[in-house]
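# Analysis of the macromolecular model
What follows is each chain in one-letter form.
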Amino acid sequence: QVQLVESGGGLVQAGESLRLSCAASTSSFSNYNMAWYRQAPGKQREFIASIGSAGTTTYVDSVKGRFTISRDNAKKKVDLQMNSLKPEDTARYYCNRHVAGRGLYTWGQGTQVTVSS
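In this report, we go over the structure that sits alongside the text. Predicted model only: the values in this text are computed from it and were never measured. (Residues numbered from 1 in each chain as written. Predicted model: local features only at pLDDT ≥ 70, side-chain atom pairs only at ≥ 80, totals over all residues. Heavy atoms only, no water.)

## Section: the overall build of the chain
What counts, and what does not: Working definition: helices are DSSP H or I runs of at least four residues, strands are E runs of at least two. Numbering for both runs from the N terminus. Here the radius of gyration uses the C-alpha set of atoms, whereas the globule reference equals 2.2 Å times the residue count to the power 0.38.
What the chain contains, in helices and strands, is zero helices and 11 strands. Going from the N terminus to the C terminus, the chain shows its helices and strands as β-β-β-β-β-β-β-β-β-β-β. The C-alpha atoms of the chain give 13 Å as radius of gyration, which agrees with the globular expectation for 117 residues (13 Å, within 12%). Counting only C-alpha atoms, the chain reaches 40 × 25 × 25 Å along its principal axes.

## Digging into the sheet that holds strand β1 (residues 4-7)
To keep it simple, the criterion reads: In this description, strands pair whenever DSSP reports at least two bridges between them. Axis lines are fitted through C-alpha atoms, for helices just across the contact stretch, and the angle between N-to-C directions can take any value from 0 to 180 degrees.
If you trace the four strands from one edge of the open sheet to the other, you get β1-β3-β8-β7, paired in antiparallel fashion. Where the open sheet ends on each side, the last strands, each with one partner, are β1 and β7 (67-72). Ignoring strand direction, the axes of neighbouring strands in this sheet form an average angle of 15 degrees. For β7 and strand β8 (residues 77-82), the ladder comprises six bridges, and the chain directions are antiparallel. By the bridge assignment, R71 is partnered in β8 with V78.

## Topic: the state of the cysteines
For clarity, the cut-off: Counting rule for disulfides: a pair of cysteine sulfur atoms within 2.5 Å. Type-normalised accessible area, obtained with a 1.4 Å probe on protein chains alone, sets the label of each residue: buried when under 20%, exposed when over 50%, and partly exposed for intermediate values.
With the rule as written, the count across this model stands at one disulfide. C22 shares a disulfide with C95; S-S distance 1.7 Å. Taken together, the positions of C22 in strand β3 (residues 18-24) and C95 in strand β9 (residues 91-99) put the pair 73 residues apart, joining distant regions of the chain. Judged on exposure class, the residue C22 and its partner C95 are both buried.

## A word on unusual backbone geometry
For K76, which is not glycine, the phi dihedral falls at a positive 55 degrees. Located in the positive-phi region is A100, a residue other than glycine, with phi close to 50 degrees. Following the sequence through the fold, A100 ends up in the loop between β9 and β10 (102-103). Using a relative accessible area of 78% as the deciding quantity, one classes A100 as exposed.

## A word on the pattern of salt bridges
For the record, the criterion: Any carboxyl oxygen of Asp or Glu that lies within 4 Å of a side-chain nitrogen of Lys or Arg is treated as forming a salt bridge with it.
Evaluated as defined, the whole model comprises five salt bridges. With a closest N to O distance of 3.3 Å, R19 and D79 form a salt bridge. Here R19, found in strand β3, pairs with D79, found in strand β8; they are 60 residues apart in sequence, far enough to count as distant. Take D79: its relative accessible area is 13%, and that puts it in the buried class. Two residues, D61 and K64, come together in a salt bridge whose shortest N-O distance is 3.1 Å. With a relative accessible area of 66%, D61 lands in the exposed category.

## Overview of the environment of I48
Residue placement: I48 occurs in strand β5 (residues 46-51). The class for I48 is buried, based on a relative accessible area of 0%.

So this is what it looks like as structure tokens:
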């Protein structure tokens, strides 16, 4: 069973930055598309950014230009640099292997990001 461990969340003010990190316990990490998702209170979990095995990235419009996804295959990690944070970015953030538009593995605990105005 692949384990996903997210970290780096916290409470920040609008306009500040955070860097999230996700460690995956899979030996084939470098071959996989990985993604970050988030779930705000009372809402469904949503995809926000992905990175392919070759480093190609995709973002939803709401975070484009503010968030940057990256990966370190040697460390089996995928990071999310979040700049210019907004209150509407408040959510619990999760990473997962990205397959057919959704996360494949059992979700980890995620990491909470709270942005105050």
